[in-house]
Amino acid sequence: RRWRWPFRCRGSRRESAVVQLSTLGRLALMPENDEIKNLTLLYSENAKVAAEFWDWRHKVMGTFFTAVAAAVAMASWFYQHTELKRWVFIPFVFAAIFAALSDIMDRVNTKVLRECYRVGTLIEQKLSSDGGIYKAIQDMHYTRTSYHRVLRWMYIGSAIIFSLVAIFTAIYLI
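Residues numbered from 1 in each chain as written. Predicted model: local features only at pLDDT ≥ 70, side-chain atom pairs only at ≥ 80, totals over all residues. Heavy atoms only, no water.

**So, the overall build of the protein chain**
Scanning the protein chain for helices and strands turns up 4 helices and 2 strands. Starting at the N terminus and ending at the C terminus, the protein chain contains elements arranged as β-β-α-α-α-α. Residue burial in the protein chain is summarised as follows: out of 174 residues, 32% are buried. In the protein chain, of all internal contacts separated by at least 6 residues, the share reaching a separation of at least 24 is 63%. Of the roughly 11600 Å² that the protein chain leaves accessible, carbon and sulfur atoms contribute 64%. (Helix = DSSP H or I, 4+ residues; strand = E, 2+ residues; numbered from the N terminus. Buried < 20%, exposed > 50% of the residue type's maximum accessible area, 1.4 Å probe, protein only. Contact = heavy atoms within 4.5 Å. Areas by Shrake-Rupley, 256 points an atom, 1.4 Å probe, with all protein chains shown as cover.)

Structure (structure tokens):
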């Protein structure tokens with residue numbers, strides 16, 4: 001399959017796609033277009049890449065919340081059945097593992113998004129001295145209450161809590 005966009009994605013459906021933002025810079029060298037048109041096109045393509053990874057971030061969050069709800073429901077079901085009560089810790093182990101994996105996936109998304117913000121900020125500075133939304137987002141990324149930090153604490157905190165609950169239930173319910 002050929003990509004119409006000026007960036008390439010590599011990897012199969014089983015592997016995560018790696019967007020090569022460095023290929024975006026090739027458009028600026030096209031002689032038939034003027035610089036403003038090229039920068040505008042680069043800005044647009046950068047926004048599409050950022051939107052794709054924002055979407056992935058929200059998919060990870062949605063899957064995380066679904067997995068946590070399923071783990072709690074399964075643990076509750078195990079607890080209600082006397083013959084399965086000793087296995088109640090297993091859903092909590094899976095929830096802890098999934099929380100840790102969600103954190104890893106969000107870190108990858110964050111790296112790509114930060115690069116998009118950096119590229120977007122550079123393009124905005126070339127197009128306008130005032131900057132724009134990418135500069136504002138990039139500046140917010142390094143504050144104490146950034147979206148990335150809240151998600152990181154949520155995923156890591158959940159992994160720790162589910163691990164402790166799994167240990168507690170394994171010790172006291174067996």
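**Some details on a nonpolar patch on the surface**
Together, Val 93, Phe 94, Ile 97, Leu 101, Ile 104 and Met 105 line one region of the surface with nonpolar side chains, adding up to about 540 Å² of accessible area. Mapping Met 105 onto the fold places it in helix α2 (residues 89-127). (Patch = residues over 30% accessible without salt bridge, like charges linked within 9 Å, V, L, I, M, F, W, Y side chains within 5 Å. Salt bridge = Lys/Arg side-chain N within 4 Å of Asp/Glu carboxyl O.)

**Quick look at the packing of aromatic side chains**
Overall, the coordinates contain 9 aromatic pairs when judged by the stated rule. On the basis of an interplanar angle of 45° and a centroid distance of 6.3 Å, the ring pair of Tyr 117 and Tyr 134 is categorised as tilted. With a gap of 17 residues between them, Tyr 117 in helix α2 and Tyr 134 in helix α3 (residues 133-140) connect regions that are remote in the sequence. A relative accessible area of 4% means that Tyr 134 is categorised as buried. Aromatic side chains Phe 168 and Tyr 172 sit 4.7 Å apart centroid to centroid with 45° between the ring planes, which places their arrangement in the tilted category. You can see Phe 168 and its partner Tyr 172 sitting in helix α4 (residues 147-172), 4 residues apart, about one turn around the helix. (Phe/Tyr/Trp six-rings, centres within 6.5 Å; stacked < 30°, edge-to-face > 60°.)

**Some points on the confidence of the model for the protein chain**
Chain-level pLDDT for the protein chain is 81 on average; 78% of the residues reach the 70-or-more range. Mean pLDDT across the elements of the protein chain ranges from a minimum in strand β2 (residues 18-19), with 44, to a maximum in helix α1 (residues 35-80), with 93. Note on residues 5-32: pLDDT is under 50 here. Beyond four places in sequence and across chains, it has 42 contacts. (pLDDT = per-residue confidence, 0-100.)

**Some thoughts on the environment of Leu 127**
Within the secondary structure, Leu 127 sits in helix α2. Under the relative-accessibility criterion, Leu 127 is labelled partly exposed at 37%. For the pair Leu 127 and Glu 35, spaced 92 residues apart in sequence, the C-alpha separation works out to 9.6 Å. The residues contacting Leu 127, other than those within four sequence positions of it, are Ile 36 and Leu 39.

**Quick look at the pattern of salt bridges**
If you walk through the whole model with that rule in mind, you get 6 salt bridges. Here Asp 106 makes a salt bridge to Arg 57, at a shortest N to O gap of 2.7 Å. Separated by 49 residues along the polypeptide, Asp 106 in helix α2 and Arg 57 in helix α1 bring together distant segments of the chain. Accessibility expressed as a relative area gives 1% for Asp 106, which makes it buried. Across the salt bridge formed by Arg 152 and Asp 103, the nearest N and O atoms sit 4.0 Å from each other. With Arg 152 in helix α4 and Asp 103 in helix α2, this residue pair connects regions lying 49 residues apart in the sequence. According to the relative accessible area criterion, Arg 152 is partly exposed, its value standing at 26%. If you follow the salt bridges from partner to partner, you end up with Asp 103, Arg 107 and Arg 152 in one network.

**Looking at the packing of α1 against α3**
Viewed as axis vectors pointing N to C, α1 and α3 meet at an angle of 40°, and their least axial separation amounts to 13 Å. With respect to α3, the element α1 is oriented oblique. α3 is crossed by α1, and the crossing has left-handed handedness. Of the residues in α3, those in contact with Tyr 43, Asn 46, Ala 47, Ala 50 and Trp 54 of α1 are Ile 133, Tyr 134 and Ile 137. Its residues assigned to classes, the contact of α1 with α3 shows 7 nonpolar, 1 polar and no charged. (Axes fitted to C-alpha atoms, helices over the stretch in contact; angles between N-to-C directions. Parallel < 35°, antiparallel > 145°, perpendicular 65-115°, else oblique. Left-handed = near helix turned anticlockwise from the far one by under 90°. Nonpolar A, V, L, I, M, F, W, Y, C, P; charged D, E, K, R; others polar.)

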